[in-house]
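# Observations on the model geometry
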Amino acid sequence: MKTFKRLIAGGALLLPAAASEAAEGGGAVPDITEGWHHLWQELILDITIIGVIFAAVTLYLLIKYRRRREGEEGKGSSLSPLASLGWVLIPAFIFLADDVYLAAKNFELWNKMREVPEGAYEVKVESYMWGWDITYPGGATATNELRVPEGTPIKVSLSSRDVLHSFFIPDFKVKWDTVPGMDTYIWFYPKKAGEHVMTCAEFCGVLHSSMHGKVIVMPEAEFKKWIEENTPRNKEA
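Presented here is a report on the structure given in the accompanying data block. The shown structure was predicted, so the numbers you read here are calculated from the model rather than taken from an experiment. (Residues numbered from 1 in each chain as written. Predicted model: local features only at pLDDT ≥ 70, side-chain atom pairs only at ≥ 80, totals over all residues. Heavy atoms only, no water.)

## Details of the pattern of salt bridges
Convention followed: Should a side-chain nitrogen of Lys or Arg be within 4 Å of a carboxyl oxygen of Asp or Glu, the pair is scored as a salt bridge. Comment: elements are numbered from the N terminus, with helices defined as DSSP H or I runs of at least four residues and strands as E runs of at least two. Throughout, exposure labels follow a simple rule: accessible area from a 1.4 Å probe, protein chains only, divided by the maximum for the residue type, with under 20% read as buried, over 50% as exposed, and the rest as partly exposed.
Tallied over the full model, the rule gives 8 salt bridges. Across the pair Lys 191 and Asp 31 runs a salt bridge, and its minimum N-O distance is 2.6 Å. Of this pair, Lys 191 sits in the loop between strand S8 (184-188) and strand S9 (194-200) while Asp 31 is found in the loop between helix H1 (2-10) and helix H2 (32-64), placing the two residues 160 residues apart along the sequence. You can call Lys 191 partly exposed: its relative accessible area is 43%. On the accessibility criterion, Asp 31 (6% relative accessible area) is buried. Each of Glu 145, Arg 147, Glu 195 and Lys 214 takes part in a single network of salt bridges with overlapping partners.

## Considering the nonpolar core
Burial of nonpolar side chains together is a common tendency in soluble globular proteins. Counted only if it meets this: Put simply, buried Ala, Val, Leu, Ile, Met, Phe, Trp, Tyr and Cys residues joined by side-chain atoms within 4.5 Å make one nonpolar core. Contacts between residues were defined by any pair of non-hydrogen atoms, one from each residue, lying within 4.5 Å.
Tyr 136, Leu 146, Val 156, Phe 167 and Phe 188 are the most contacted members of the largest nonpolar core, which has 38 residues in total. Leaving out residues up to four positions away in the same chain, Tyr 136 has contacts with Tyr 121, Val 123, Thr 141, Ala 142, Glu 145, Leu 146, Arg 147, Phe 223, Trp 226 and Ile 227.

## Quick notes on helix H4 (residues 220-230)
Quick reminder of the rule: Our arc is simply the arc of the directions from the helix axis toward the C-beta atoms.
All buried positions along H4 are accounted for by Phe 223, Trp 226, Ile 227 and Asn 230. Projected down its long axis, H4 carries its buried residues within an arc of 100°, all on one side. Exposed side of H4, more than 90 degrees from the buried face: Ala 221 and Lys 225 are the residues found there.

## Examining the sheet that holds strand S2 (residues 131-135)
Applied cut-off: At least two bridges found by DSSP between two strands are what make those strands a pair. Axis definition: a line fitted to C-alpha atoms, limited for helices to the stretch in contact. Angles are taken between N-to-C directions and run from 0 to 180 degrees.
Spatially, 5 strands are ordered S3-S2-S1-S5-S8 in an open sheet, and the strand pairing comes out mixed. The open sheet has two free edges, formed respectively by strand S3 (141-143) and S8, since each of these has just one partner strand. Neighbour to neighbour, the strand axes of the sheet diverge by 25° on average, direction disregarded. Bridge count between strand S1 (residues 121-128) and S2: 5 bridges; the pairing is antiparallel. From the neighbouring strand, Glu 126 faces S2, where its bridge partner is Asp 133.

Set out below in structure tokens:
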């Protein structure tokens, strides 16, 4: 009964209660990376449970109504109209409830992904065949190495110099197209120092496969020092 109520209220199917809070992240900045992780786990869990149940029912029916001797002809049992309706609607309801729930969680995370947190540090990334030019506030620049401070949400303002590309950081589960003549953006939240791959996820020419770089998450003090050392006016001084 409890599970049935849950299906009605949230459209969920046998999901861990804790997983539904995944997108919250427990802090002021929503942890969309963990949110996508949990949503993917829920999807795999649901598919597995539904697949096992339907496989078990199919196997049971195959064994129960198998041919037992040569020449035997099967004779199907007649179903009442109510039973026929149940065999159609119950499986459809299970699939639909689960799909609606997963779609709702997906839209929730997508909305969070489009809302840049206050205080985000903004960098500009311009894509080109076949690399990424990065410009920081103050004028510091880099190519194919996006350095960011840990513990601060990062807004990446995206543009393209030539053709369609797609800015993708797999570890943070964020990806967005860069389109010629259009300014777009994406944001992510690097919580710990480390290095991550950034790459183009849209085929953009013969050297598309070599269009990749690194996101280098640095302790805040080291990042500030790097910015000071690479700001043009400081270099000239």
